[in-house]
Amino acid sequence: MKILVPLNIPDTGIDLLKKEGLKVTKWTKDLPMTKEDLYKAAAQHDALLSTSNYKLDAEFLNANKHLKIISQYAAGYDNIDIVAAKRLGIPIANAPNSMTDATADIAFALVLAVSRKMFYMHKTIAKDEWRHFRPQAHLGIELKNKTVGVFGLGRIGLEFARRCKGAYGMKVLYCNRSTNKEAEEELQAQKVSFNDLLEQSDIISAHCALTPDTKHKFDAGAFKKMKSSAIFVNTARGQVHNEADLIAALEQGEIWGAGLDVTDPEPMKADNPLLSMEQVAVTPHIGSATLEARRQMSVFAARNIIAFYKGEPIPYPVS
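Asks: Break down the sheet that holds strand E4 (residues 69-72) for me, with residues and values.
Replies: Pairing is parallel across the open sheet formed by five strands, whose spatial order is E2-E1-E3-E4-E5. For this open sheet the edge positions go to strand E2 (23-26) and strand E5 (92-93), each flanked by a neighbour on one side alone. Bridging between E4 and E5 involves two bridges; their strand directions are parallel. Its bridge partner lying in E5, Ser 71 is registered against Ala 93. In the packing of helix H12 (residues 291-309) onto the sheet, the strands contacted are strand E1 (2-5), strand E3 (47-50), E4 and E5, and the crossing angle to E4 comes to about 160°.

Rendered as structure tokens:
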């Protein structure tokens, strides 16, 4: 069985594949494969250990219906046409819970960075604008006893809420399709409607999957319902918020600030107005960028392929 790994991921999972006697072709260049190179390489392999860099749509899947399994080097899989994969009988798997702590940390860090205007103030030093003590200039806000609203209280959302509750005694609200009893018992979290989440939260953090229902969930209408003192954070997927609407909401003072690890589009262009706003912090989709998380992602993605190869249940199936 020949496995294609089209991005230079950590070898922790690659070594597991090789230990099982599987043949692995790993792309080691810094830039991702071109579409043409990916199609050509996939045609010569039995399985794909993919990443979210690649759009595995119906066109790709129909051209590579011979693939026995696709295992995603990520928790999210919105880059894959799941309906087409099911129709073609190609199992899809992912690597959930491998970057939970790392992503929760980034979300929490963004809240801190926005609340104290850290990114903007760092730029003033780089531009040689740090002069003297100014008691009323560039003031931030404190987080103690604020209300945090979590949109999508899964593994990452729960860990983020734990940080907010533990560090600052925040009241936790959440909007979810299902009730999270663990969060309610441990954090006294309260499940509320989307409108209540918008209206009552001082901080709103998005931790949902990107679906037709969540695409542009945070749009002009949503931002208008938020407190003018509120911070919006998104570490899920860029299309969960409407970026033009977010920019307008910040410019018009409808919300206080925003912290983003995901943008739409990605990469963000250097002239994006968000990058020059005082109460905004943007990072380049680094939620899982720790040694521990990236290595674990590699292991989880490899385990899916190994289990399939051995005829065992896939540990982290999507479809």
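Back to the write-up after that little detour.
Asks: Can you tell me about the packing of helix H5 (residues 100-115) against helix H7 (residues 155-168), naming the residues and giving the values?
Replies: Here H5 crosses H7 at 45°, and the two axes come no closer than 8 Å. Classified by the angle their axes make, H5 and H7 are oblique. H7 is crossed by H5, and the crossing has right-handed handedness. Taking contact as the criterion, the partners of Thr 100, Asp 101, Thr 103, Ala 104, Asp 105, Ala 107, Phe 108, Val 111 and Leu 112 in H5 are, on H7, Arg 155, Ile 156, Glu 159, Phe 160, Arg 163, Cys 164, Ala 167 and Tyr 168. Its residues assigned to classes, the contact of H5 with H7 comprises ten nonpolar, two polar and five charged.

Asks: Break down the state of the cysteines for me, with residues and values.
Replies: Under the definition given, this model contains zero disulfides. Counting only cysteine sulfurs, Cys 208 is the nearest neighbor of Cys 175, a cysteine outside any disulfide, at a range of 9.5 Å. The exposure class of Cys 175 is buried, given its relative accessible area of 14%.

Asks: Which residues make up the packing of helix H1 (residues 11-19) against H12, and what are the values?
Replies: Relative orientation of the contacting elements H1 and H12 amounts to 25°, with a least axis distance of 6 Å. Looking at the two axes, H1 sits roughly parallel to H12. Touching Thr 12, Gly 13, Ile 14, Leu 16 and Leu 17 of H1 are Arg 295, Ser 298, Val 299, Ala 302, Ile 305 and Ile 306, all from H12. Grouping the constituent residues of the contact of H1 with H12 by class yields seven nonpolar, three polar and one charged.

Asks: Break down the pairing of strand E9 (residues 203-206) for me, citing the residues and quoting the values.
Replies: What you see with E9 is no split at all: Ile 203 and Ser 205 on one side and Ile 204 and Ala 206 on the other are buried throughout. As paired elements, strand E6 (residues 147-151) and E9 share four bridges and run parallel to each other. Bridging from a neighbouring strand, Val 148 pairs with Ile 203 of E9. Sheet topology note: the E9/strand E10 (residues 231-234) ladder contains four bridges and is parallel. For Ser 205, the partnering residue across the bridge sits in E10 and is Val 233.

Asks: An account of unusual backbone geometry is requested, with residue identities and associated values reported.
Replies: In this model, Asp 264 is joined to Pro 265 through a cis peptide bond whose omega is 10°. Structurally, Pro 265 is set in the loop between strand E11 (257-260) and strand E12 (280-282). Of note in this structure, Asn 97 is not a glycine but carries a positive phi near 65°. In the Ramachandran plot, Gln 188 falls in the positive-phi region, its phi being about 55° despite a non-glycine side chain. Tracing the backbone through its elements, the reader meets Gln 188 in the loop between helix H8 (181-187) and strand E8 (190-191).

So, how was this worked out
- Residues numbered from 1 in each chain as written.
- Predicted model: local features only at pLDDT ≥ 70, side-chain atom pairs only at ≥ 80, totals over all residues.
- Heavy atoms only, no water.
- Pairing = 2+ DSSP bridges.
- Helix = DSSP H or I, 4+ residues; strand = E, 2+ residues; numbered from the N terminus.
- Contact = heavy atoms within 4.5 Å.
- Axes fitted to C-alpha atoms, helices over the stretch in contact; angles between N-to-C directions.
- Parallel < 35°, antiparallel > 145°, perpendicular 65-115°, else oblique.
- Left-handed = near helix turned anticlockwise from the far one by under 90°.
- Nonpolar A, V, L, I, M, F, W, Y, C, P; charged D, E, K, R; others polar.
- Disulfide = S-S within 2.5 Å.
- Buried < 20%, exposed > 50% of the residue type's maximum accessible area, 1.4 Å probe, protein only.

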